[in-house]
Amino acid sequence: MGFLYCHGRRRVIIKVTGRPASSKPGSDVESMKTDLIIGAVAFAELADEWDDLAGQGMTDSPFQSLAYQRAWWNHLQPEGSELLTVATRDEAGRLIGIGCFFTSGGRLHFNGCIEETDYLDLIAPAEHAEAVWRATLDCLGTLGQSSCQGLELCNIPAASPSRAILPRLAPQLNLTFAEQIAEVCPIIPLPVTFEEYLETLDSKQRRELSRKLRRAEAADVVTTDVSDAADIDAEVDSFLELLQKSTFDKRDWLNEGRRALFHDVARSAQTAGTLQLLFTAVEGRRAAALFNFNYKDRIWVYNSGLDPSAFAALSPGVVLTATAIERAIGLGCREFDFLRGSEEYK
């Protein structure tokens with residue numbers, strides 16, 4: 001059973017090929033200063049400023065936080081790649097842009113590409129985005145041919161200003177631009193009450209969901225939020241156990257690097273107050289789980305777990321998702337973002 005009344009937020013892959021030419025004299029780039037920081041030292045050098053800027057960014061998401069970016073690189077950096085971070089400052093020395101990339105096969109990719117990270121972009125306020133992109137590309141143009149034959153930038157939200165800026169800049173810098181749709185992320189705009197949400201479903205969906213919720217209530221199905229747990233690592237292990245049981249694909253996908261990423265991200269999100277880790281249990285046995293972020297009035301469903309052998313007749317995955325939507329409404333969230341994926345509960 002899916003949850004209707006979703007709209008989709010598209011994500012795109014942008015390819016910019018060629019070596020950037022220098023900007024013309026007199027451009028606003030001349031008043032900016034860029035520093036190319038090589039390696040993970042960038043996270044330490046920019047630590048005091050990173051999250052303040054990310055929170056003002058044109059694509060403000062949990063995936064652009066310092067903690068997430070650092071954890072992804074620490075645990076999932078591709079073999080043989082190199083981290084290159086371009087920090088852009090205005091004439092007063094204020095940080096106004098971060099472009100965090102890694103090299104692979106002569107191309108530059110956003111740090112975090114592709115599978116584990118749902119939204120990525122240049123970190124810059126919308127009002128500075130074009131100037132920062134120009135300064136960033138100018139800086140990257142100083143790299144050797146073997147390091148930078150172009151950029152392949154994944155998971156840029158369709159609404160990002162980058163989609164208009166890069167095709168405008170490309171011919172000015174002797175670059176070739178191409179774009180393709182990567183995937184659509186289903187999103188539910190949340191009303192004021194759960195009852196209003198139910199009214200957005202068609203009559204068949206509404207009856208089926210109401211029946212499943214009543215049956216779960218009669219069976220004492222319990223949903224708990226363990227986001228504040230003292231031993232969050234143990235709770236993440238419990239979540240990952242359910243994730244691996246969900247499908248064979250998820251079982252094979254969860255390698256040691258991704259396992260470590262979940263742990264690091266959970267600890268940092270718990271500290272920041274943005275973690276939402278939910279479990280649904282029947283008779284004390286955990287049957288379904290959601291690993292979410294509660295960030296900027298939106299619930300971001302990062303991943304899920306489900307034990308298909310545990311009380312399948314009670315539809316614990318559907319019940320958990322409906323409960324999570326109800327809780328999101330109670331928290332005053334405006335959107336419930338499923339991010340990417342094709343699980344049945346979406």
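Residues numbered from 1 in each chain as written. Predicted model: local features only at pLDDT ≥ 70, side-chain atom pairs only at ≥ 80, totals over all residues. Heavy atoms only, no water.

Asks: Where do I start with the pattern of salt bridges in this structure?
Replies: Two side chains of opposite charge can pair, provided their charged atoms sit close to one another. Under the criterion given, the structure shown has 20 salt bridges. Of the charged contacts in the structure, one is a salt bridge between Asp 90 and Arg 94, with a shortest N-O distance of 3.2 Å. Among the residues examined, Arg 94 registers a relative accessible area of 44% and is labelled partly exposed. As a salt-bridge pair, Arg 298 and Asp 337 come within 3.3 Å of each other at their nearest N and O atoms. (Salt bridge = Lys/Arg side-chain N within 4 Å of Asp/Glu carboxyl O. Buried < 20%, exposed > 50% of the residue type's maximum accessible area, 1.4 Å probe, protein only.)

Asks: Would you mind going over empty space enclosed by the protein with me for this structure?
Replies: Unoccupied space between atoms shows up once a probe the size of one water molecule is rolled over them. Inspection of the entire model under this criterion finds one cavity of 30 Å³ or more. Lining the largest cavity we find Gln 64, Gln 69, Ile 98, Gly 99, Cys 100, Phe 110, Asn 111, Leu 120, Asp 121 and Ile 123. Of all the elements, strand 4 (residues 95-104) adds the most residues to the lining of the largest cavity, at three residues. (1 Å grid on protein atoms, 1.4 Å probe; cavity = no way out; pocket = protein on both sides within 12 Å on 5 of 7 lines; lining within 4 Å. Points joined across faces, edges and corners; volume = space filled by probe spheres on them. Helix = DSSP H or I, 4+ residues; strand = E, 2+ residues; numbered from the N terminus.)

Asks: Could you clarify how one ought to interpret the state of the cysteines in this entry?
Replies: Linking two cysteines covalently via their sulfur atoms produces the bond known as a disulfide. Scanning all chains against the criterion turns up one disulfide. In this structure Cys 100 is a free cysteine whose sulfur lies 11 Å from that of Cys 113, the closest cysteine sulfur available. (Disulfide = S-S within 2.5 Å.)

Asks: I'm lost on the packing of aromatic side chains in this one. Help?
Replies: Where two aromatic rings form a pair, the distance of their centres and the angle of their planes describe that pair. Under the defined criterion, the tally for this structure stands at 21 aromatic pairs. With 6.2 Å between their ring centres and 55° between their planes, Tyr 295 and Trp 300 make a pair best called tilted. Here Tyr 295 and Trp 300 have matching classes, each one buried. Taken together, the ring pairs connect Phe 63, Tyr 68, Tyr 119, Phe 239, Trp 253, Phe 262, Phe 291, Phe 293, Tyr 295, Trp 300 and Tyr 302 into an aromatic cluster. (Phe/Tyr/Trp six-rings, centres within 6.5 Å; stacked < 30°, edge-to-face > 60°.)

Asks: What is the right way to look at the packing of helix 7 (residues 203-218) against helix 11 (residues 316-330) in this model?
Replies: Packed helix pairs are specified by the crossing angle of their axes together with the interaxial distance, meaning the distance between the axes. Remark: helix 7 packs on helix 11, axes separated minimally by 10 Å, with the N-to-C direction vectors making an angle of 100°. Put simply, helix 7 runs roughly perpendicular to helix 11. For the pair helix 7 and helix 11, the contacting residues are Leu 209, Lys 212, Leu 213 and Ala 216 in the first and Val 318, Val 319 and Ala 322 in the second. Of the residues that constitute the contact of helix 7 with helix 11, the class distribution is six nonpolar, no polar and one charged. (Axes fitted to C-alpha atoms, helices over the stretch in contact; angles between N-to-C directions. Parallel < 35°, antiparallel > 145°, perpendicular 65-115°, else oblique. Contact = heavy atoms within 4.5 Å. Nonpolar A, V, L, I, M, F, W, Y, C, P; charged D, E, K, R; others polar.)

Asks: Mind showing me how you'd approach the pairing of strand 5 (residues 107-110) here?
Replies: Side-chain direction in a regular strand flips from residue to residue, so the side chains alternate between the two faces of the sheet. With four bridges joining them, strand 4 and strand 5 adopt antiparallel strand pairing. Along strand 5, the bridge assignment pairs Phe 102 with His 109. Hairpin connection between strand 4 and strand 5: a loop of two residues separates the two successive antiparallel strands, and Gly 105 in this loop has a positive phi of roughly 60°. (Pairing = 2+ DSSP bridges.)

Asks: Quick question: what am I supposed to make of helix 11 here?
Replies: Note on helix geometry: an α-helix contains 3.6 residues per turn, so any two residues three or four positions apart are oriented the same way. For helix 11, built from 15 residues, the straight-helix expectation of 21 Å at 1.5 Å per residue is met to within 8% by its first-to-last C-alpha distance of 21 Å. Taken together, the buried positions of helix 11 are occupied by Pro 316, Gly 317, Val 318, Val 319, Leu 320, Thr 321, Ala 322, Thr 323, Ala 324, Ile 325, Ala 328 and Ile 329. (Expected span 1.5 Å × (residues − 1).)

Asks: Teacher, can you tell me more about the nonpolar core here?
Replies: Soluble globular proteins: nonpolar side chains tend toward being buried together. Judged by nonpolar contacts, the single largest core of 85 residues is most densely connected at Trp 50, Trp 133, Phe 239, Phe 262, Leu 277, Phe 291 and Tyr 302. The greatest single-element share of this core, amounting to eight residues, is contributed by helix 4 (residues 129-140). Each residue touching Phe 239, except ones within four places of it in the same chain, is listed here: Phe 262, Leu 277, Phe 279, Ala 289, Leu 290, Phe 291, Asn 303, Ser 304 and Gly 305. Of all hydrophobic cores here, the second largest spans 22 residues; its members include Phe 194, Tyr 197, Ala 288 and Leu 290. (Core = buried A, V, L, I, M, F, W, Y, C linked by side-chain atoms within 4.5 Å.)

Asks: Is there a simple way to explain the side chain of Gln 64 in this structure?
Replies: With respect to the helices and strands, Gln 64 occurs in the loop between helix 2 (47-54) and helix 3 (66-76). Only 2.7 Å separates the side chain of Gln 64 from the backbone oxygen of Asp 121, close enough to count as a polar contact. Setting aside residues up to four positions removed in sequence, Gln 64 forms contacts with Trp 50, Ala 54, Thr 59, Gln 69, Leu 120, Asp 121, Leu 122 and Ile 123. (Polar contact = N/O pair within 3.5 Å; in protein donor to acceptor, adjacent residues only side chain to side chain.)

Geometric descriptors of this kind do not, in isolation, establish any biological role.
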